[in-house]
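# Structural overview for review
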Amino acid sequence: MLTPVYVESSGEQLGDVRIRRFQKEIADVTDGFVVLSAPTGSGKTVALLTDKERGISVGLYPNNELLRSQVAGLHNFIVNHIGMQPKETLLYDYCRTEIVPENYLPLNIYVSDRSIDLFGRRVSKIYVVGMSGAVVKAIANRGKLDTLVEVSDKLANIGEDEYAVVLATPDTFFLLTLYAYHNIDLIGKFIHYVLLRGELPSGYEGSDELMRELGLNRIELGKIVRAFLPFRKSSLFIDEYHLYDYYELSSLKALFYTLTTVHGWSGRVILSSATPSTMIEEEIVKEVGMAPIQHIDGLMYIKERGDDDELVRGPIKLVFTEVSGNKGNQVARLYGASKLAYELISTPMFAEFIKKLKEGRGKGAVILEKVSHAEVFAEALYNKIGTKPICLYSMPREDICEEMPAYEISGSLLVVGTGAKIGQGVEFPGVSFGVVARVTAVDFLQSISRIGRRLAEESTILVPMAEKEIESLTKNSSFARKNVSYNELAKWAEENGKPFMMKIPRGYENLYEEIIFARENMLKITSLITHFRLSGAKYEDIENHAKELRTQLQDLRIIAAPDHIGTLLMFRSSGPTVTYCREVEGTVKCYDRGEDLGTLIRNYEVTAYSGYPLIKNVGTSEIEIKCKGNKADDLKNFIKRGEERDVPKAPIITNWLTLRDLFQCRPVVNTDSGESVVLKHLDRELEDQLFLIPGIMNEEFVEYIYRVGRGLRIKLNKGSILLLYL
């Protein structure tokens, strides 16, 4: 049994709720670097309302699902607890309905006829703004950049009785700082110029001329500057920062550099997570260079009793239940338990929940590891009870699923989703029953924390497991006791984690090390040169940066069209989004919406239909990259030439057009009849994709990279050529 979680209050009121002690401590820190750790659902988001001096807070969220959930959460908090009235709710309405009206702006405005004490700042108006690509829309004759500027202009002169909260994914600010939000191909050409020449044009005048030649538009650059003006002095709140991988962390560091060096940002930084990461903290602090660093540990204020204002979640009964899969190593068994979670539908406890669901008094959530696992569960559930669950994972099937945004969940229902979609930070108030199957201990802790939110009564979570993992549980002191506190569970996740994994192996990070520092420098130079009139940097300093970059990249071979190098400017390295078709019960339907290629490969059998990838049954598949004749050997020999000149495994950056036109490579799948078919539409959709080729890799490692969706591969007689997404 997991004991209840209450968080100590400060005794002070905000509207009709009492401020929690750690929230008050955050409000008392006006500058510097704050690392906040507190239980999931305890009110960390309220930190966005605590900058009484500047009046603007920018919250950066790792994905759009979490961002939209926060839009809804802030709306409910401001209206229902602070007591302000919604004057405009275009952003909130879009997040609920995804309908874009003609007058749309990603903006909510809340007002009050009396000033309200917001952590020491008297306010009568609050703005909530969305600045993610998913909520910023191009309307009528306005482009997305025009929309951002229009919203930013509204915030340019925040009054003393006003407050603004900006919710964004880091991608938007990242692309803005690099001018890439307007023209990513142009910036690719600029980087290509620096790499080829190893230097910039002489002086500001020469640089201006280069920018004109490349097509940099000073009017558009002025818009970008306007988009940043309101945020030059603000709090930055980085939520769930533990989710940033190696590549994204590098991008985040470059973003901080640009905000501080180019745009003159100064303020307060808050890193927030229920499962903090010391390594990421140290990397970000080093880049920002802020002091002092203050740790606010909300875990210190957890208790097992309290009142309704202090309640985070009630007691949870964890029921570890054996499923049939027991093969392979630990990783295989944990993934297998998630895949076989549907076996729990036949258990008495699940049957009892279904009875409540049909009576209109049940609310449950199923959180599994992969899209295919969630689909199998949803299909088995629909076949069992004849009711479609709400499916919150990529590519849900219409014949077995209802689709509803996570922030809109209400009433008696059952949600089936993946950890990537709903297992981190998304709110599920009132869910009293769950099924959770995750692979790592941290993910498990995050996911079970979605259940029992603000419910004083006991909730139940079924955890499917293989026999060996259940045996391991009996030896684990954290779970051997009758009652386990949240602090004990958090310590278990950080220090031990068994029978779950501590973390998934991420060997691909070592591959990125060849270029990651050089890429950071590349990003910094790009932001400096496009904004050098604002940055105040001495031109010789920028030139020295460029020469340093060229030195770092002297052993890195780049074979790609200049405009395609701009892909290096993307915040993430998740790979291409492609269109696809799907066959269900003999009927084929093609979708305009794109999906991540890695998701298709990891979760489904893929064949071909009219040149498109066609997904059929749940499973895994191979999209082979085949090169005509001896061209794969030519590519192998080209790679080896780098090794012959004493550059061990010298990495290559290339794009799909080069692989297709120079080495005559094509994406191929095998049909049911055994015929090899070229995916012609995929071939075209890969044209802008940039790849890192680290060298000839052993098959086992390439298999791992391929299966986790980080790249493609060209098979050789011995080993493979890995095409790692950039």
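Below is a short write-up of the structure. Just so it is clear, the model here is predicted, and its values are computed rather than measured.

This part takes up the pattern of salt bridges. Tallied over the full model, the rule gives 33 salt bridges. Residue Glu375 pairs with Arg582 through a salt bridge whose shortest N-O separation is 2.4 Å. Here the residue Glu375 occupies a position in helix α13 (residues 371-385), and Arg582 occupies one in strand β22 (residues 577-584), the gap between them amounting to 207 residues. Judged by relative accessible area, Arg582 falls into the buried class, the value being 3%. The closest approach of N and O atoms between Glu687 and Arg660, which form a salt bridge, is 3.2 Å. Residue Glu687 is found in the loop between α26 (680-685) and β30 (690-693), and its partner Arg660 is found in helix α25 (residues 656-661); the two are separated by 27 residues along the sequence. Residue classification places Arg660 among the buried residues on the basis of a relative accessible area of 13%. Salt bridges sharing common partners tie together Glu375, Glu379, Arg397, Asp399 and Arg582.

Let us now look at the side chain of Glu248. Turning to its location among the elements, Glu248 is positioned in helix α9 (residues 246-261). Residue contacts for Glu248: discarding those within four places in its chain leaves Leu243, Phe571 and Arg572.

This brings us to the environment of Leu334. Tracing the sequence through the fold places Leu334 in helix α11 (residues 330-339). For Leu334, a relative accessible area of 5% translates into the label buried. Taking the C-alpha atoms as reference points, Leu334 and Leu692, 358 residues apart in sequence, are found 31 Å from one another. Leaving out residues up to four positions away in the same chain, Leu334 has contacts with Arg438, Val439, Glu469, Pro499, Phe500 and Met501.

Ring pairs (aromatic) are described by centroid distance and by the angle formed between their planes. Overall, the coordinates contain 16 aromatic pairs when judged by the stated rule. An angle of 75 degrees between the planes, with centres 5.5 Å apart, marks the rings of Phe350 and Phe433 as edge-to-face. Linking Phe350 in helix α12 (residues 348-358) with Phe433 in strand β19 (residues 433-436), this pair joins segments that are 83 residues apart in sequence. Here Phe433 falls in the buried class, since its relative accessible area comes to 7%. Seen from their ring centres, Phe353 and Phe433 are 4.5 Å apart, and the 10 degrees between their planes marks the pair as stacked. Residue Phe353 is located in helix α12, and its partner Phe433 is located in strand β19; the two are separated by 80 residues in the primary sequence. Comparing Phe353 with Phe433, the two get one shared label, buried. Grouping aromatic residues by their ring pairs yields a cluster made of Phe350, Phe353, Phe377 and Phe433.

Turning next to α12. Turning to α12, its buried residues number three or more, namely Phe350, Phe353, Ile354 and Leu357. Looking down the long axis of α12, one finds its buried residues gathered within 105 degrees of arc, a one-sided arrangement. Of the surrounding secondary structure, the elements contacted by the buried residues of α12 are β16 (363-368), α13, β18 (413-418), β19 and β20 (459-465).

Take the sheet that holds strand β11 (residues 266-273) next. With mixed pairing, the nine strands of this open sheet are ordered in space as β6-β7-β8-β9-β5-β10-β11-β4-β12. The outermost strands of the open sheet, each flanked by one partner alone, are β6 (85-89) and β12 (293-297). With strand direction ignored, the average angle separating the axes of adjacent strands in the sheet is 20 degrees. As judged from the six bridges shared by strand β4 (residues 32-37) and β11, these two strands associate in the parallel manner. Note that in β11 the partner of Gly32 across the bridge is Arg268. Against the sheet, helix α10 (residues 278-288) makes contact with β4, β11 and β12, and its axis sits at roughly 165 degrees relative to β4, the strand it touches most.

A few words on the state of the cysteines. Under the criterion given, the structure shown has three disulfides. Covalently, Cys581 is tied to Cys590 through a disulfide, its sulfur atoms 2.0 Å apart. On the S-S bond that ties Cys581 to Cys590, the torsion sits near 90 degrees, and the link is right-handed. For Cys590, a relative accessible area of 40% puts it in the partly exposed group.

All right, on to the environment of Ile187 then. Position of Ile187 among the secondary structure elements: in helix α6 (residues 184-197). Separated by 265 residues in the primary sequence, Ile187 and Gly452 place their C-alpha atoms 48 Å from one another. With residues near it in sequence (within four places) discarded, Ile187 still touches Leu178, Tyr179, Ala180, Thr526, Thr530 and Leu569.

Another point: the sheet that holds strand β24 (residues 604-609). Spatially, the four strands line up as an open sheet ordered β23-β22-β25-β24, and their pairing is mixed. Two strands in the sheet have a free side with no partner beyond their single neighbour: β23 (587-596) and β24. Averaged over all pairs of adjacent strands, the angle between their axes in this sheet comes to 35 degrees, without regard to strand direction. Of the pairings in the sheet, the one linking β24 to strand β25 (residues 612-618) comprises five bridges and is antiparallel in character. Across the sheet, residue Ala608 finds its bridge partner in β25, namely Pro613. Where α13 meets the sheet, its contacts fall on β22, β24 and β25, and the angle it forms with β25 comes to roughly 55 degrees.

Looking now at helix α15 (residues 441-448). Because each turn of an α-helix spans 3.6 residues, side chains separated by three or four positions in sequence point in the same direction. Counting buried residues along α15, seven of its eight residues qualify, which places the element largely inside the surrounding structure. Among all positions of α15, only Ala441, Asp443, Phe444, Leu445, Gln446, Ser447 and Ile448 are buried. Of the surrounding elements, those touching the buried residues of α15 are β11, β15 (316-322), β16, β19, β20 and α18 (486-495).

The next subject is the nonpolar core. Within the largest apolar cluster, 87 residues are counted, with the highest numbers of intra-cluster contacts made by Phe173, Ile238, Ile284 and Leu726. For this core, the element with the highest residue contribution is α9, accounting for eight residues. In terms of nonpolar packing, the next biggest core, distinct from the first, is built from 85 residues, Leu91, Leu318, Ala441 and Leu445 among them.

What counts as what
- Residues numbered from 1 in each chain as written.
- Predicted model: local features only at pLDDT ≥ 70, side-chain atom pairs only at ≥ 80, totals over all residues.
- Heavy atoms only, no water.
- Salt bridge = Lys/Arg side-chain N within 4 Å of Asp/Glu carboxyl O.
- Helix = DSSP H or I, 4+ residues; strand = E, 2+ residues; numbered from the N terminus.
- Buried < 20%, exposed > 50% of the residue type's maximum accessible area, 1.4 Å probe, protein only.
- Contact = heavy atoms within 4.5 Å.
- Phe/Tyr/Trp six-rings, centres within 6.5 Å; stacked < 30°, edge-to-face > 60°.
- Arc of directions from axis to C-beta.
- Pairing = 2+ DSSP bridges.
- Axes fitted to C-alpha atoms, helices over the stretch in contact; angles between N-to-C directions.
- Disulfide = S-S within 2.5 Å.
- Core = buried A, V, L, I, M, F, W, Y, C linked by side-chain atoms within 4.5 Å.

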